[in-house]
Amino acid sequence: MDKPLKILLLSSEAVPFAKVGGLADVAGSLPKALRQLGHDARLALPEYGLINEAQFGLTKVLDSLPVPAGSNHELASIFKSTVEGMPAYLVGNDKYFGREEVYGYDDDGERFVFFCRAIMEMLKKLDWRPDVIHCNDWHTGIIPNWLKTIYKNDPSFAHTATAFTIHNLAYQGIFGPELLEFAGLADYGLIPHPTDDDLSRVVVLMARGILFADVINAVSEKYAQEILTPEYGERLHPILAQRQDRLFGILNGLDYEVWNPATDRAITVNYDVDSLDLRVENKLALQREAELSAGSDIPLIGIISRLADQKGFDILAEASDQLMELDLQFVLLGTGEERYHRIFANVAGKYQGQAAVFLKFDGALARRIYAGSDAFLMPSRFEPCGLGQLISMRYGSVPIVRSVGGLADTVKDYDPTTGQGNGFAFSDYNEEALLTAVKRAVETYRIKDTWRILMERGMRADFSWQASAKKYVELYHKALEFKQNELDV
Ligand code: ADP
């Protein structure tokens, strides 16, 4: 093995401290997987008010650390916690983080720039210096920018490379030009966008991460290609194109210990690929819980998702009446946009006994749906990686997906002539394509032996973190090479 690397992964959220979405799962799992490969990976995040200091045994390692903030300084406290052997640094400051939510404040730009600046200043004080600073999404996009500007000649970071991961390009961290002053970058000015005048007049933190990081990656290979196109590029595709030689794709992994039907305590009966006959008990229990008519032979389709446009709920809503004409049952668990709450509450009311809708966030019910459904639907408009399809395969629920982003990389359409494939996939973003895929799944479900093969393929697949963590190590080495080449010129 190459020499062990020192990696600091910065994220606005990370399991087990604070979770809003999939980013927290990645930020919690990847450093652990890197440590298992022998690298010294550590985590950094803000110390939000919602984090229980006692629960995580936080100890203060730096007190009253002065952090430049505009023309002044703000003080930060740096706490440390150790999670299963992994050190995590948490930036405390009541003004910015003593609040109950992670995101959604008017000063989010300042809050996350402050978090990043506190970590940079902390690193100058600690006797531990990372080889690579791994930034994630817009909240940390300012750091690669700083390493090429205000910290460029700082001996502490002379050999520090940066990696920047795009988890979802749709959220870009766009703020007024005054944020530059706060970030100490007023002398460097705004960065003109090659084609978009509006974006030339604002600070786009995501774009800064993309422009200045030594390497960039998106969370699946397909998404890394898609974001270079106008359709998926969210207006940043011309900027990504400038850095195409630095752009890679690495699929997220799934934590196979957290998601395991053989040990999952939330489900009715545990099972694995060798005891698949037991699985039906979970389906019958789910039918009872969801007040659907009982029956092991009717295909039951599950959906667990944020109710957002990204996830394809407009075409699902369009298709719902025709879907319900098919001989199937349907369980949806999700929260999000109000209009989808209304639409799907109506569907449940209209098709009692056939469709059930739970408009809430419920981790245990999610597990019962993964274990109790026959198929799992993700008709996403775009999907950087997607965890739902990986979890459903792990639990033996066959995925039906739109072939986009990480869904395209992980779910291959079943072809009855060759017998290849592990699910059902459609390409066009419309209700007919969705319906056709569901119909094909329902027809295949009737052929019990074939369906069982599809279930087993999903359950035997390996989408764990091990493979992905190795690819991140390669990515870090590339970052260090690019950095070294720059120093050599
Ligand atoms: P995204 O991060 O874009 O929301 P992913 O598919 O990557 O989508 O991850 C979604 C995760 O959140 C999955 O683990 C899914 O089971 C979970 N999830 C989504 N909505 C709910 C809900 N209402 N209740 C419980 N879990 C949910």
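Here we summarise the structure given alongside this text.

### A look at the pattern of salt bridges
So, point 1. Under the counting rule described, the total for this entry stands at 27 salt bridges.
So, point 2. Between R99 and D107 there is a salt bridge, with its nearest N and O atoms 2.7 Å apart.
So, point 3. Using a relative accessible area of 17% as the deciding quantity, one classes R99 as buried.
So, point 4. For the salt bridge of K283 with D374, the shortest nitrogen-to-oxygen distance reads 2.7 Å. Here K283 is found in helix 10 (residues 280-289), whereas its partner D374 is found in the loop between helix 13 (363-372) and strand 15 (375-378), with 91 residues between them in sequence. Accessibility classification places K283 together with D374 in one group, the buried group.
So, point 5. One salt-bridge network, in which partners are shared between bridges, spans R35, D40 and R42.

### Re the nonpolar core
So, point 1. Counting residues in hydrophobic clusters, the biggest one holds 175 residues, and the most contacted among them are I143, W146, I166, I210 and V438.
So, point 2. With near-sequence residues (within four places) excluded, I210 lies in contact with F164, I166, L169, I216, L236, I239, L240 and R243.

### Section: the side chain of D196
So, point 1. Mapped onto the fold, D196 is located in the loop between helix 5 (178-182) and helix 6 (197-200).
So, point 2. D196 gets classed as buried once you look at its relative accessible area, which sits at 14%.
So, point 3. At a separation of 3.1 Å, a polar atom in the side chain of D196 contacts the main-chain amide nitrogen of D198.
So, point 4. Of note is the side chain of D196, whose polar atom sits 3.2 Å from the side chain of R235.

### Structural notes on helix 7 (residues 205-212)
So, point 1. The buried fraction of helix 7 amounts to seven of the eight residues, a majority that puts the element mostly inside the structure.
So, point 2. Those residues of helix 7 that sit buried are L205, M206, A207, R208, G209, I210 and L211.

### Structural notes on the packing of helix 10 against helix 13
So, point 1. Across the interface, helix 10 lies against helix 13 with an axial gap of 8 Å and an inter-helix angle of 130 degrees. The angle between helix 10 and helix 13 falls in the class oblique. As helix 10 packs across helix 13, the resulting crossing turns out to be left-handed. Contacts from N282, K283, L286 and E289 of helix 10 reach helix 13 at L365, R368, I369, A371 and G372.
So, point 2. Along the lines of polarity and charge, the residues of the contact of helix 10 with helix 13 split into four nonpolar, two polar and three charged.

### What to know about the site of the ligand
So, point 1. For the ligand, the set of nearby residues contains 18 residues, the closest of which are R306, K311, K360, Y370 and L387.
So, point 2. The contact in question runs from an oxygen atom of the ligand to an N or O atom on the side chain of R306, over 2.8 Å.
So, point 3. In this structure, L387 approaches the ligand through a main-chain N or O atom, which is 2.9 Å from an oxygen atom.
So, point 4. Elements represented by at least two residues in the shell around the ligand include exactly strand 12 (300-307), strand 13 (329-336), helix 13 and helix 14 (388-394).

### What about unusual backbone geometry?
So, point 1. With an omega dihedral of 10 degrees, the bond running from V15 to P16 counts as a cis peptide bond.
So, point 2. Along the chain, P16 turns up in the loop between strand 1 (6-10) and helix 1 (22-36).
So, point 3. Within the chain, E234 stands out as a residue other than glycine whose phi angle is a positive 50 degrees.
So, point 4. Its identity as a non-glycine residue notwithstanding, E291 has a phi of 55 degrees, on the positive side.
So, point 5. As for its position among the elements, E291 is in the loop between helix 10 and strand 12.

Conventions used here
- Residues numbered from 1 in each chain as written.
- Predicted model: local features only at pLDDT ≥ 70, side-chain atom pairs only at ≥ 80, totals over all residues.
- Heavy atoms only, no water.
- Salt bridge = Lys/Arg side-chain N within 4 Å of Asp/Glu carboxyl O.
- Buried < 20%, exposed > 50% of the residue type's maximum accessible area, 1.4 Å probe, protein only.
- Helix = DSSP H or I, 4+ residues; strand = E, 2+ residues; numbered from the N terminus.
- Core = buried A, V, L, I, M, F, W, Y, C linked by side-chain atoms within 4.5 Å.
- Contact = heavy atoms within 4.5 Å.
- Polar contact = N/O pair within 3.5 Å; in protein donor to acceptor, adjacent residues only side chain to side chain.
- Axes fitted to C-alpha atoms, helices over the stretch in contact; angles between N-to-C directions.
- Parallel < 35°, antiparallel > 145°, perpendicular 65-115°, else oblique.
- Left-handed = near helix turned anticlockwise from the far one by under 90°.
- Nonpolar A, V, L, I, M, F, W, Y, C, P; charged D, E, K, R; others polar.
- Near = heavy atom within 4 Å.

Just distances and angles here, no functional claims.
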